[in-house]
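Overview (structure and organization)
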Amino acid sequence: MSRVLKSPGQMVRAVVDDLVTTFFPADCRVCGGPLTGAGLSPLCTRCLDDLRTQEAELCVRCGEALDLDGLRFRQQVEGQGVLCGPCRMAPPPFERAAAWGVYADGMREMIQMLKYEHMDTVARPLGALLARVIDAMQKEQGGQAEGMGRDLVVIAVPLFKARQRRRGYNQSVLLADEAVRGLKASEGWRLRVAHSALVRMRGTESQFGLSASARRRNLRGVFAVADPAAVSGREVLLVDDIYTTGATARECSRVLRQAGASKVWVATAARAQKETVARWSSETLSARGEAVLV
Ligand SMILES: [Zn+2]
Ligand SMILES: [Zn+2]
């Protein structure tokens, strides 16, 4: 103890500071700098500002970055923009998938804390970003005849029961609820949350290293609509933490449409672009199970 204390007041303050530091680590997870303000973000303001949104040209349907490979297969759609190869060859059962940012750096850090470190408070800042991407998708699409409405049934991608019990919560439910809270603060949204309308019947193995068709087979029968009345004739907003290969979003959307949903819109906090996914599949899967889709 080399600290020199001059007054009882200072001593109390020092003890309180130590306690606060113990229970609420005050360093930014990305840069190690001090966390300013009493927010619930594990990232400092500068690192939050630095979170990367998607800069490349994106497929208007699924949000895949159109790199050189994508550009070769791209197709201009009249009045809409550009489609990637997979969306052109097998149009997804959802209208559009949008993500706030790239699954990298601070975004990846926050999603990992939410999923594997029981830090459910991270859902607050992530949910706020998700609200922004949903709002942007609506504004972009809303003007068109077949665009996105503001009267939506909101459903999070479900976890298998055993996994949810282990984790204590479904991170996508937390994100969806935060996003709904954020959107309801602005006029015009009519959002009904119906997470239990979609259920996961069993757990799934990692999707990595599987071909697109093997992935689809792996997910067959995994999701079911438990409450068709909640989605029938309605537009659904499907929420997940991260969009990886799109197999989950496609399969959930397929069963929702089959149960009568008129349209499905997909919103995720992050998007793993193709090259990242390819790298994961060739690397050893991380011990934290980062590459496991569920
Ligand atoms: Zn920082
Ligand atoms: Zn696409």
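Let me sum up the structure you'll find in this document. (Residues numbered from 1 in each chain as written. Chains lettered and ligands numbered in written order. Predicted model: local features only at pLDDT ≥ 70, side-chain atom pairs only at ≥ 80, totals over all residues.)

Comments concerning the pairing of strand β9 (residues 263-271)
- Of all nine residues in β9, nine are buried; the element is thus mostly enclosed.
- One ladder, built from six bridges, connects strand β3 (residues 96-102) with β9; its direction is parallel. Bridge pairing in β9 links Gly101 to Ala270.
- As defined by bridge partners, strand β8 (residues 235-243) adjoins β9 across eight bridges and the pair is classed as parallel. In the strand pairing of β9, Glu235 is matched with Lys263.
- Following the backbone out of β8, through helix α11 (residues 247-258) and into the adjacent parallel β9, one traces a crossover that is right-handed. (Buried ≥ 20, exposed ≤ 12 C-beta atoms within 10 Å, placed from the backbone. Helix = DSSP H or I, 4+ residues; strand = E, 2+ residues; numbered from the N terminus. Pairing = 2+ DSSP bridges. Right-handed = clockwise from strand over helix to strand, strands pointing away.)

Quick word on the environment of Glu146
- Within the element layout of this structure, Glu146 appears in the loop between α6 (123-142) and β4 (151-156).
- Overall, the presence of 7 C-beta atoms within 10 Å leaves Glu146 in the exposed class.
- Between the C-alpha atoms of Glu146 and Lys263, which are 117 residues apart in sequence, the distance is 9.6 Å.

Thoughts on the nonpolar core
- Core analysis: the biggest nonpolar cluster contains 70 residues, and Leu130, Val236, Leu238, Val239 and Ala267 have the highest contact counts within it.
- Per element, the largest residue contribution to this core is eight residues, and it comes from α6.
- Excluding anything up to four places from it in sequence, Val236 contacts Leu152, Val153, Ile155, Val231, Leu256, Ala261 and Val264. (Core = buried A, V, L, I, M, F, W, Y, C linked by C-beta atoms within 7 Å. Contact = placed C-beta atoms within 7 Å.)

Remarks on unusual backbone geometry
- Of note in the backbone geometry, Asp105 takes a positive phi value of approximately 45 degrees without being a glycine.
- Of note, Asp105 is situated in helix α5 (residues 105-116).
- On the neighbour-count criterion, Asp105 (15 C-beta atoms within 10 Å) is partly exposed.
- Despite not being glycine, His118 shows a phi value in the positive range, around 55 degrees.
- Note that His118 resides in the loop between α5 and α6.
- The class for His118 is exposed, based on 12 C-beta atoms found within 10 Å.

Let's talk about the sheet that holds β3
- Read across the sheet, five strands follow the order β3-β9-β8-β4-β5 without closing on themselves; strand pairing throughout is parallel. Two strands close off the open sheet at either side, each with one partner strand: β3 and β5 (190-193). Put simply, the sheet's adjacent strands are angled 25 degrees from each other on average, direction ignored.
- In the sheet, β4 pairs with β5 via four bridges, with the strands oriented parallel. For Val154, the partnering residue across the bridge sits in β5 and is Val193. (Axes fitted to C-alpha atoms, helices over the stretch in contact; angles between N-to-C directions.)

Section: helix α8 (residues 171-184)
- Over its 14 residues, α8 runs 20 Å from end to end, which matches the ideal 20 Å to within 8%, given 1.5 Å per residue.
- Counting buried residues in α8 gives 10 out of 14 residues, a clear majority hidden from the surface. (Expected span 1.5 Å × (residues − 1).)

Some words on the environment of Pro91
- If you trace the backbone, Pro91 turns up in the loop between α4 (85-89) and β3.
- Given 12 C-beta atoms within 10 Å, Pro91 falls into the exposed group.
- A sequence separation of 29 residues divides Pro91 from Cys62, and the C-alpha atoms of the two residues are 9.5 Å apart.

Observations regarding the packing of helix α9 (residues 212-219) against α11
- The geometry of α9 relative to α11 is characterised by a closest axis approach of 10 Å and an angle of 50 degrees between their N-to-C directions. Classed by the angle they form, the pair α9 and α11 counts as oblique. With respect to the hand of their crossing, α9 and α11 are arranged in right-handed fashion. Two secondary-structure elements touch here, α9 through Arg215, Arg216 and Leu219 and α11 through Ala247, Thr248 and Glu251.
- Looking at side-chain class alone, the contact of α9 with α11 contains two nonpolar, one polar and three charged residues. (Parallel < 35°, antiparallel > 145°, perpendicular 65-115°, else oblique. Left-handed = near helix turned anticlockwise from the far one by under 90°. Nonpolar A, V, L, I, M, F, W, Y, C, P; charged D, E, K, R; others polar.)

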